[in-house]
Amino acid sequence: MSSSSSSLHQVPLTIEGAWMLHQMFTFQPQWHALGTAEKRIMLRDVSLFLRDCEAAGNGQTMFYSVIGHKADLMFVHTREEPQQVHHAELALSRLPIAQYWRQTHSYFSVVELGLYESSVKTYKALQEKGLEPHSAEWNAAIQDTLQRQREAMGPRLKGEMPPRRCICFYPMDRIRGEIKNWYSSPIEERQRMMHEHGLVGRRYAEVVKQIISGSVGLDDWEWGVDLFADDPTVFKQIIYEMRFDEASAIYGKFGVFFVGLHVPADQVEPLLVG
Amino acid sequence: MSSSSSSLHQVPLTIEGAWMLHQMFTFQPQWHALGTAEKRIMLRDVSLFLRDCEAAGNGQTMFYSVIGHKADLMFVHTREEPQQVHHAELALSRLPIAQYWRQTHSYFSVVELGLYESSVKTYKALQEKGLEPHSAEWNAAIQDTLQRQREAMGPRLKGEMPPRRCICFYPMDRIRGEIKNWYSSPIEERQRMMHEHGLVGRRYAEVVKQIISGSVGLDDWEWGVDLFADDPTVFKQIIYEMRFDEASAIYGKFGVFFVGLHVPADQVEPLLVG
Amino acid sequence: MSSSSSSLHQVPLTIEGAWMLHQMFTFQPQWHALGTAEKRIMLRDVSLFLRDCEAAGNGQTMFYSVIGHKADLMFVHTREEPQQVHHAELALSRLPIAQYWRQTHSYFSVVELGLYESSVKTYKALQEKGLEPHSAEWNAAIQDTLQRQREAMGPRLKGEMPPRRCICFYPMDRIRGEIKNWYSSPIEERQRMMHEHGLVGRRYAEVVKQIISGSVGLDDWEWGVDLFADDPTVFKQIIYEMRFDEASAIYGKFGVFFVGLHVPADQVEPLLVG
Amino acid sequence: MSSSSSSLHQVPLTIEGAWMLHQMFTFQPQWHALGTAEKRIMLRDVSLFLRDCEAAGNGQTMFYSVIGHKADLMFVHTREEPQQVHHAELALSRLPIAQYWRQTHSYFSVVELGLYESSVKTYKALQEKGLEPHSAEWNAAIQDTLQRQREAMGPRLKGEMPPRRCICFYPMDRIRGEIKNWYSSPIEERQRMMHEHGLVGRRYAEVVKQIISGSVGLDDWEWGVDLFADDPTVFKQIIYEMRFDEASAIYGKFGVFFVGLHVPADQVEPLLVG
Amino acid sequence: MSSSSSSLHQVPLTIEGAWMLHQMFTFQPQWHALGTAEKRIMLRDVSLFLRDCEAAGNGQTMFYSVIGHKADLMFVHTREEPQQVHHAELALSRLPIAQYWRQTHSYFSVVELGLYESSVKTYKALQEKGLEPHSAEWNAAIQDTLQRQREAMGPRLKGEMPPRRCICFYPMDRIRGEIKNWYSSPIEERQRMMHEHGLVGRRYAEVVKQIISGSVGLDDWEWGVDLFADDPTVFKQIIYEMRFDEASAIYGKFGVFFVGLHVPADQVEPLLVG
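The rules behind the values
- Residues numbered from 1 in each chain as written.
- Chains lettered and ligands numbered in written order.
- Predicted model: local features only at pLDDT ≥ 70, side-chain atom pairs only at ≥ 80, totals over all residues.
- Heavy atoms only, no water.
- Helix = DSSP H or I, 4+ residues; strand = E, 2+ residues; numbered from the N terminus.
- Contact = heavy atoms within 4.5 Å.
- Areas by Shrake-Rupley, 256 points an atom, 1.4 Å probe, with all protein chains shown as cover.
- Lys, Arg positive; Asp, Glu negative; His and termini not counted.
- Charge placed at Lys NZ, Arg CZ, Asp CG, Glu CD.
- Buried area = accessible area lost by both parts, 1.4 Å probe.
- Salt bridge = Lys/Arg side-chain N within 4 Å of Asp/Glu carboxyl O.
- Polar contact = N/O pair within 3.5 Å; in protein donor to acceptor, adjacent residues only side chain to side chain.
- Buried < 20%, exposed > 50% of the residue type's maximum accessible area, 1.4 Å probe, protein only.
- Nonpolar A, V, L, I, M, F, W, Y, C, P; charged D, E, K, R; others polar.
- Least-squares fit on C-alpha atoms with pLDDT ≥ 70 in both.
- Expected span 1.5 Å × (residues − 1).
- Axes fitted to C-alpha atoms, helices over the stretch in contact; angles between N-to-C directions.
- Parallel < 35°, antiparallel > 145°, perpendicular 65-115°, else oblique.
- Left-handed = near helix turned anticlockwise from the far one by under 90°.
- pLDDT = per-residue confidence, 0-100.
- Patch = residues over 30% accessible without salt bridge, like charges linked within 9 Å, V, L, I, M, F, W, Y side chains within 5 Å.
- Pairing = 2+ DSSP bridges.

Asker: Got a minute to help me understand the overall build of chain A in this structure?
Answerer: The helix and strand tally for chain A stands at nine helices and nine strands. Seen along its three principal axes, the alpha-carbon backbone of chain A occupies a region of about 70 × 35 × 35 Å. Expressed as a percentage of contacts within chain A between residues at least 6 apart in sequence, the contacts between residues at least 24 apart total 79%. Roughly 10,700 Å² of accessible area belongs to chain A as shown, and the carbon and sulfur atoms make up 50% of that amount. Positive and negative side-chain charges of chain A, numbering 28 and 34 respectively, have mean locations separated by a distance of 3 Å.

Structure follows, in structure tokens:
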């Protein structure tokens, strides 16, 4: 295992913020048999739900009309506690409209900031002090680093979703192949690749906002990525440019892509009934 | 990473044109229980929808009867703005016939012209001038190249679909394997392979029209390919010949193939009701 | 790429014959709730459809009762023109029974004779004359070869299906792996492997009839294989023996297998109603 | 290809016995809405069907209640002729209960005894005599070997299923990878591995009965395996131990596992209605 | 095969405890059309079922509300006998609510303690005594070791599920790739990797309880893992940290992850009806 060529601890530090649940729904054929008035009544509940979420103030619920057959609608919930995203899910399942749709996809994750740079720096410092990983002193120093990062990164941990016209969501993994394996490459190599990867993102910072959430042990992929932009062309530009990064070209594995248009609470009926 | 053997910037330039949405529908068993008169009324809406699209003049909507079980019907929309293809999708979902079909597949993409030749030439020239990638001067030169290409390629960016008797649509990727990886092979190599690949296409230019659309960050594959021909034998000939190209033989990965017969607005009822 | 080790043109010549459509249907639970009399009326339409196809004289439609859950029924249509197989499909979709089944699988292809031996011989001869691939003289010589083969192979191009008791249908690909890749192995190697493969088939010629159809660019696999025999044991024998051929052992990739019993028009009701 | 390192014929001999069809059914939600009396009437048909099969004397039909969501019920039919297993399937599809279940999985195969030891011995003997594979003399000698084996193995070819409390069924393949390929390893190697594999099975002979059926050309995997035991712990023990055999560790690829409890004809109602 | 480099017996010893069945259910759209009163009546049956299970005293049945679209509800049953978990499944299928849900996933397994350390030690000792694997003396010594472990591990074999707020369940395999293959690496290597793997688990022992169940020959993956914690953040932490272990990084293959909130019998109605 190549980690033996590195004497550093291999697990990068992360800090976690808001809990996220993406829910994708597809209308059943019966929905399309309903009259306009019946549809309006049920969509009004969706608008009210969105307004209630906004009023509650413990996170956001954004609503999107999804392009293509993969879903008709997508709700993205961020909340302070994990139970709260499930309660949002249960509340939606109790609306009368719930008999007309199916939840065909979903994604459960938590806003995550990966601290590769800080991890390598901290591990090196602790190693020079002669500390053993997982010793009491080591653990205290790590907790200290995490706490300082949490304070510095506070606002980014909320995972605030901007009201841009378009969203692009997809889950991803780092590959663990028989020859190329992200998890057995040395942490300094991974840090270098993540750094290069980050430089691309930074060049697009003005036109696209990005939220990364971690889902190891929570859902079937390792991370979820949300991109928010007014023009979806930038989704293609940033992801295509990143595909040539070593971190993506060799180690990135991507799931299903959902692209949707943002629907504010007062646009639900006009957009979906016409 | 083999890109280190090349000192050039690795990301090929592309220019984008019309937005595309492919929608594939399958009739529910209930459709087949309807009487001929009821079917006719609902199919008339489809004809009207096609005529409205034609009249609107901001793109095309072509309609196909698909061979085999993968779908019964396929609509292909091209529009100037991304919202417009979604509005076409929503308009279809509000027709009464929508309760009798399911949208079982779809593809969201944007007409793309890949500029490998121009990219390598430009990157070499800028490098000789001593410019750094992503510096202000570099960016200005790149924008200049893109603008000139957009002007030169104008008509091709519209992705105009000809009324040929048959269509073949399929999505594709370039592989990122553990040994063979398109995205980590040097840009000059990729340019050479794309050039050879293009020579095959050129020999078939008279009998088959091809539209390439990019979908990185928009849908689950990297590109969508539409071929239009009067005789479907040429779909087999061109794709089989290309399969021996290095770009396809080694790096091509193909999705589901949809083959359909073009149905003009005035043929919808006769074809589907008989 | 290993093709550089061979100076010959790499694309084998093929000639095409009848168009084929395999359609597999599964009954909905509602079918099983119908009374015997209702079932008989609807199955009579299927018998009539089969007789009409026979009377039309532009191809065959064979009907099979499929073993196992993958399908209940399979129709295999051969026709002179591609539109005609789709018209057969549309005609079936308009029968009243269509509300009780779902088309769960299908396969669209065209009878294909691969000419590996003739290709290598022709390419060598043209090369010795100093001709360039795709030059006018080269193209004329190729067309000449194809035409002579079409005349010689005429009857086999019809893809005539014999009324044997059993059918076995499956689609297949030649693999394009990162190490083993059929499409980048030299044409002389592929010819040698196809020749050995053919020898096995020849030893079974008396007990099994085989139809190969090509589907590159038409459906999701590269070829479809139909075997016809009175005793299904021979399906196992021939395919197991072939699996040890280099062409299959290393380069063959196989899809779903459908095995069914032939049902002549006058046996549809007795078999399915009992 | 490694077969060139072996001068022996590579295809192992097999002998075939009873035809097998596994059918797995899942109840539709409507079944659970029926009253107990209605369920009883329909389950009585299943008991009668099982008794009729037993009375017919041309094979067995065993019935299992399957654990987990993959199926509710499994029928395993063995019959002398291939048509007979399909007739059993059609008979079940005509019971009134058929409108309340779906056949969600199935497996079609034929009891197979692989003769690796005898094959290598016979091929060596024929080679020493200087016979060519597939020559008339060779073929006669092979037929002779097969006939002697059929006589010796007679009872095992019937695939008799014992009334043990539990069944475990799964399909499997031998892998044909780019590096490890069962079908291109020399027959003497395969014989050695099959021999070691068999030794494990023999140690469990008292507590588990095993039936191997071949399905190359009949269904989507190469073999089906049925294990019968009173205590399902032995399914785990024998398969886990075998997984460390070279034949399984490196070359085994396994499909879906079905585990069920045997339900004799007189227990169908009590078990399923309660 | 690398096992030849090790002279020890290769199969690790395991001891088995309680039988486990995970059942995941998804409500049909019809459920959402029911009134609150009807839902309450049917959910009361679920509460009663949970209380009956508790009263029976032959194992546990825990109930979870699952986050996301993969399921709405999950029951986890542990029982002393394999038939008993199936009887629990049948009892649930007979509740009136069963017509409103579908069992969309499940997992059948048995609590397993892997004895890598003890296996290597025992095999070495027996080998030094000159005993042959599977000889009578060898078998007696192995049975003796297993019996001593069963007595020592008694309580852990029950697989007692604690009433923590959250559960995380996922199935997993050890990979058998063409290059990296867990099953053909020497038992001493596997012991070393399992030991390191266990050290990570031990550091989380206070905040997460873990139950490992074996499912080779019982279900489609080799093991099932259940984690119980009050805060789901620890699921992400422990699994992410483990992913850098050699045993997981290189040899772990993971299935679908189910995360749910524990619902005690008296909370079923309030949570699901609101």
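Asker: Looking at this model, I keep getting lost on the interface of chain B and chain A. Mind explaining?
Answerer: Size of an interface, as often reported, equals the accessible area lost when the parts are brought together. Counting residues at the interface gives 44 residues for chain B, matched by 45 residues for chain A. Surface buried jointly by chain B and chain A totals about 3,800 Å² across both partners, of which 60% is contributed by carbon and sulfur atoms. On the chain B side of the contact with chain A, Arg 176, Glu 178 and Val 216 of chain B bury the most area, a combined 17% of that side's loss. The interface formed by chain B and chain A holds five salt bridges in total. In this structure, the salt-bridge partner of Lys 70 of chain A is Asp 219 of chain B, at a minimum N-O distance of 2.6 Å. Between chain B and chain A we count 19 residue pairs in polar contact (both at pLDDT 80 or more) in total. Listing elements by their share of the side of chain B that touches chain A, those giving two or more residues are strand 1 (14-27), helix 3 (82-93) and strand 4 (101-114) of chain B. Per-element accounting of the side of chain B that touches chain A gives the leading share, eight residues, to strand 4 of chain B.

Asker: Explain unusual backbone geometry here, please?
Answerer: With the exception of glycine, the majority of residues adopt a negative phi angle, and the majority of peptide bonds are in the trans configuration. Non-glycine residue His 134 of chain C carries a positive phi angle of around 75°. Examined against the element boundaries, His 134 of chain C turns out to sit in the loop between helix 4 (116-128) and helix 5 (136-157).

Asker: What am I meant to see in the pattern of salt bridges here?
Answerer: Close approach of charged atoms allows side chains with opposite charge to pair. Evaluation of the coordinates by the stated rule reveals 60 salt bridges over all chains. The salt bridge involving Glu 241 of chain A is made with Arg 203 of chain A; its shortest N-O contact spans 2.2 Å. Residue Glu 241 of chain A is located in helix 7 (residues 233-242), and its partner Arg 203 of chain A is located in helix 6 (residues 187-203); the two are separated by 38 residues in the primary sequence. Take Glu 241 of chain A: its relative accessible area is 12%, and that puts it in the buried class. The partner of Arg 44 of chain E in a salt bridge is Glu 269 of chain E, and the shortest N-O contact between them spans 3.2 Å. Of this pair, Arg 44 of chain E sits in helix 2 (residues 36-56) while Glu 269 of chain E sits in helix 9 (residues 268-273), and the two are 225 residues apart along the sequence. Since its relative accessible area comes to 42%, Arg 44 of chain E is described here as partly exposed. By sharing partners, the salt bridges in this structure join Glu 189, Arg 192, Glu 196 and Glu 246 of chain A into a single network.

Asker: I keep staring at the interface of chain D and chain E and nothing clicks. Help me out?
Answerer: Counting residues at the interface gives 45 residues for chain D, matched by 44 residues for chain E. Carbon and sulfur atoms supply 60% of the area that chain D and chain E bury against each other, a total of about 3,800 Å² over both sides. Taken as a group, Lys 236, Tyr 240 and Phe 244 of chain D account for 21% of the area that chain D buries against chain E, more than any other trio of residues on that side. Put simply, chain D and chain E have five salt bridges between them. Put simply, Asp 220 of chain E and Lys 70 of chain D hold a salt bridge, and the shortest N to O gap is 2.8 Å. Between chain D and chain E we count 19 residue pairs in polar contact (both at pLDDT 80 or more) in total. Every element with two or more residues in the side of chain D that touches chain E is listed here: helix 1 (29-33), strand 2 (59-66), helix 7 (233-242), helix 8 (246-249), strand 8 (252-254), strand 9 (258-262) and helix 9 (268-273) of chain D. It is helix 7 of chain D that provides the largest number of residues to the side of chain D that touches chain E, a total of six residues. Along the lines of polarity and charge, the residues of the side of chain D that touches chain E split into 22 nonpolar, eleven polar and twelve charged.

Asker: Explain the relation of the copies chain D and chain E to me, please; I cannot follow it from the model alone.
Answerer: Each of the two chain copies can be brought onto the other by rotation about an axis and movement along it. For the pair chain D and chain E, the best superposition has an RMSD of 0.0 Å and corresponds to a rotation of 72° with a translation of 0.0 Å parallel to the axis. The transformation just described matches what one would write down for a five-fold rotation axis. When the interface residues of chain D are mapped onto chain E, a mere 7% of them are again interface residues, pointing to distinct binding faces.

Asker: Looking at this structure, I do not really get helix 2 (residues 36-56) of chain B. What am I missing?
Answerer: An α-helical segment advances 3.6 residues per turn. Residues three or four places apart therefore align on the same side. The end-to-end C-alpha distance of helix 2 of chain B, which contains 21 residues, comes to 30 Å, matching closely the 30 Å that a straight helix rising 1.5 Å per residue would cover. Just downstream of helix 2 of chain B, Gly 57 of chain B is the residue with a positive phi angle, here 75°.

Asker: Just checking my understanding: could you explain the packing of helix 6 (residues 187-203) of chain C against helix 7 (residues 233-242) of chain C for this structure?
Answerer: Working note: a packed helix pair is described by the angle between its axes plus the distance between those axes. Residues and elements named next belong to chain C. The interhelical angle for the contact between helix 6 and helix 7, taken along N-to-C directions, is 160°, at an axis separation of 10 Å. Between helix 6 and helix 7, the angle is such that the two are roughly antiparallel. Two packed elements cross with a definite hand, and for helix 6 against helix 7 that hand is right-handed. Contacts between helix 6 and helix 7 involve His 197, Val 200, Gly 201 and Arg 203 from the first element and Ile 238, Glu 241 and Met 242 from the second. Of the residues belonging to the contact of helix 6 with helix 7, the class tally is three nonpolar, two polar and two charged.

Asker: Can you help me understand the confidence of the model for chain A in this one?
Answerer: It should be kept in mind that the predicted coordinates are not to be read in detail where pLDDT is low. Here chain A shows a mean pLDDT of 95. Residues at 70 or above account for 98%. Note that residues 1-6 of chain A has pLDDT below 50 and, in this model, 15 contacts with residues that lie over four places away or in other chains.

Asker: For this particular structure, what's the right way to read a nonpolar patch on the surface?
Answerer: The grouping of Ile 179 of chain A, Ile 179 of chain B, Ile 179 of chain C, Ile 179 of chain D together with Ile 179 of chain E at the surface amounts to a nonpolar patch, some 460 Å² of accessible area in total. Assignment of secondary structure puts Ile 179 of chain B in the loop between strand 5 (166-174) and helix 6 (187-203).

Asker: Please explain the pairing of strand 5 (residues 166-174) of chain D as it appears in this structure.
Answerer: Regular strands place side chains that alternate from one sheet face to the opposite one. All names here are of chain D. Counting buried positions along strand 5 yields nine of nine residues, so the element is predominantly enclosed. Because side chains alternate across strand 5, one face comprises the buried residues Cys 166, Cys 168, Tyr 170, Met 172 and Arg 174, and the other comprises Ile 167, Phe 169, Pro 171 and Asp 173, equally buried. Across seven bridges, the pairing between strand 5 and strand 7 (residues 223-229) is antiparallel. By the bridge assignment for strand 7, Pro 171 is matched with Gly 224. Bridge count for strand 5 against strand 9 is four bridges, and the pairing is antiparallel. Across the sheet, Cys 166 pairs through a bridge with Leu 261, a residue of strand 9. Examined bridge by bridge, strand 5 and strand 8 share three bridges and lie antiparallel to one another. Within the sheet, the bridge partner assigned to Arg 174 lies in strand 8 and is Gly 252.

Asker: Help me understand the relation of the copies chain B and chain A in this model?
Answerer: When chain B is fitted onto chain A, the two copies agree to an RMSD of 0.0 Å after a turn of 72° and an axial shift of 0.0 Å. Counting the interface residues of chain B, we find that no more than 7% of their copies in chain A are interface residues as well, pointing to two distinct contact surfaces.

Asker: Just to check I follow, could you spell out the arrangement of the chains for this structure?
Answerer: At the C-alpha level, the nearest point of chain B lies 12 Å from chain D, with no contact between them. As for chain E relative to chain C, no contact occurs, and the smallest C-alpha gap between them is 12 Å.

Asker: It is not clear to me how a positive patch on the surface should be interpreted in this structure. Could you clarify?
Answerer: A cluster of basic residues, Arg 102 of chain A, Arg 102 of chain B, Arg 102 of chain C, Arg 102 of chain D together with Arg 102 of chain E, forms a positive patch at the surface. For Arg 102 of chain E, the location among the structural elements is in strand 4 (residues 101-114). With relative accessibility at 33%, the residue Arg 102 of chain E sits in the partly exposed group.

Asker: Just to check I follow, could you spell out the side chain of Asp 173 of chain D for this structure?
Answerer: Residues and elements named next belong to chain D. Residue placement: Asp 173 occurs in strand 5. No salt bridge is formed by the buried Asp 173, whose closest oppositely charged neighbour, Lys 253, lies at an N-O distance of 4.6 Å. Polar contacts involving the side chain of Asp 173 include one to the main-chain amide nitrogen of Glu 222, which spans 2.8 Å. Residues in contact with Asp 173, not counting those within four places in the same chain, are Trp 221, Glu 222, Tyr 251, Gly 252 and Lys 253.

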